[in-house]
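# Structural features, examined
Next come the chains, spelled out residue by residue.
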Amino acid sequence: MKKLLLAGAVALFGLSNAQMSKGDWVISGNTGLGFNTQSSKVKVNGESEDGPKISNFSITPSVGYFVIDGLAVGIDLGFNSNTLKQDGDKVTNSTFSVMPTATYYFQTGSKFIPFVGAGIGYASNKTKYSFANSIIDPLLFDGDTTTDGLAWKAKAGVTYLATQSLGINLGLGFDQFYTKDTYYNTEVKTTTSNFGVNVGFSYFIKAKAQKSDK
């Protein structure tokens, strides 16, 4: 009976130790909880009118390599899109980013592993306008604009180890995107900030199989 309990304890402890040692890899995919559609209705003097409908979606696949125990450096690819629709008019705003990042996992000896991370890189934003029923002349304003610039991000959260290799992530993320343009000899600087909750997964890969004792 004691041997059975000891074996169970060793198995449970082994489950809490994911592959987060120097030379290991981690592959992650996180999506924002902004994956939804928002609508509204405005009522004035007994008359109601539909407000704009807004849909959002974001996803961030990433890969990291553990340069030391607990610290993974790698690349995050980010995509975020939001669309506003009203009375046949539509504006779609899409941002794509490429960011070198560093993430540190705190070894706790349990299945809950806190982490913090940050990154800085490049982002490109594309805005597409479509005015179907607006009083604005669609021939003049239909089309799209593209800007690019510096972006950075910070994140923190916890990974729950469902198995020794597979973790479920829950965390908070903040990112900013800077652009600078010149219109009619006037410099225009724009800063876009996003803050939200992220859920996803991480898969930890051992660099090489451990040798069994003979």
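None of these values were measured; they are calculated from a predicted model.

## Looking at the overall build of the chain
If you tally the helices and strands in the chain, you get two helices and eleven strands. For the chain, the N- to C-terminal ordering of α and β elements is α-β-β-β-β-β-β-β-β-α-β-β-β. A buried classification covers 27% of the 214 residues belonging to the chain. For the chain, restricting intrachain contacts to residue pairs at least 6 apart in sequence, the fraction spanning at least 24 positions comes to 61%.

## A word on the packing of aromatic side chains
Tallied over the full model, the rule gives seven aromatic pairs. Centre to centre, the rings of Y104 and F106 are 4.9 Å apart; their planes meet at 75°, and the pair counts as edge-to-face. What links up through ring pairs into an aromatic cluster is the set F66, Y105, F115 and F204.

## Quick notes on the pairing of strand β7 (residues 89-105)
The pairing of strand β6 (residues 71-86) with β7 spans 16 bridges and is antiparallel. Looking across to β7, one finds that I75 is bridged to P100. Hairpin connection of β6 to β7: two residues between the antiparallel strands, including D87 at a positive phi of 55°. Linking β7 back to strand β8 (residues 112-130) in an antiparallel pair, the connection comprises six residues, with G109 at a positive phi of about 80°.

## Things to note about the environment of F66
One can find F66 in strand β5 (residues 53-68). The spatial distance from the C-alpha of F66 to the C-alpha of K22 is 4.9 Å, given a sequence separation of 44 residues. In this structure F66 touches Q19, M20, S21, K22, G23, D24, W25, V26, L71, A72, Y105 and F204, once residues within four positions along its chain are discounted.

## Remarks on the pattern of salt bridges
Under the counting rule described, the total for this entry stands at three salt bridges. With a shortest N-O distance of 3.7 Å, D24 and K206 are connected by a salt bridge. Of the two residues, D24 is situated in the loop between α1 (2-16) and β1 (25-32) and K206 in the segment after β11 (186-205); the sequence distance between them amounts to 182 residues. A residue is classified by how much of its surface remains accessible, and K206, at 30% relative accessible area, is partly exposed. The salt bridge involving D76 is made with K155; its shortest N-O contact spans 4.0 Å. Residue D76 is found in strand β6, and its partner K155 is found in strand β9 (residues 143-161); the two are separated by 79 residues along the sequence. Classification of D76 by relative accessible area gives buried; the value is 4%. Members of the salt-bridge network, linked through shared partners, are D76, K153 and K155.

## Regarding the environment of T163
By the element assignment, T163 lies in the loop between β9 and β10 (166-183). C-alpha separation for the pair T163 and Y203, spaced 40 residues apart in sequence, amounts to 9.6 Å. Polar side-chain contacts of T163 include one of 2.9 Å to the backbone nitrogen of L166.

## Here's the deal with the confidence of the model for the chain
When pLDDT is averaged along the chain, the result is 79, and 73% of the positions lie at 70 or above. Low confidence marks residues 35-40, where pLDDT is under 50. Its contacts with residues over four positions away, or in another chain, come to 15 contacts.

The rules behind the values
Residues numbered from 1 in each chain as written. Predicted model: local features only at pLDDT ≥ 70, side-chain atom pairs only at ≥ 80, totals over all residues. Heavy atoms only, no water. Helix = DSSP H or I, 4+ residues; strand = E, 2+ residues; numbered from the N terminus. Buried < 20%, exposed > 50% of the residue type's maximum accessible area, 1.4 Å probe, protein only. Contact = heavy atoms within 4.5 Å. Phe/Tyr/Trp six-rings, centres within 6.5 Å; stacked < 30°, edge-to-face > 60°. Pairing = 2+ DSSP bridges. Salt bridge = Lys/Arg side-chain N within 4 Å of Asp/Glu carboxyl O. Polar contact = N/O pair within 3.5 Å; in protein donor to acceptor, adjacent residues only side chain to side chain. pLDDT = per-residue confidence, 0-100.

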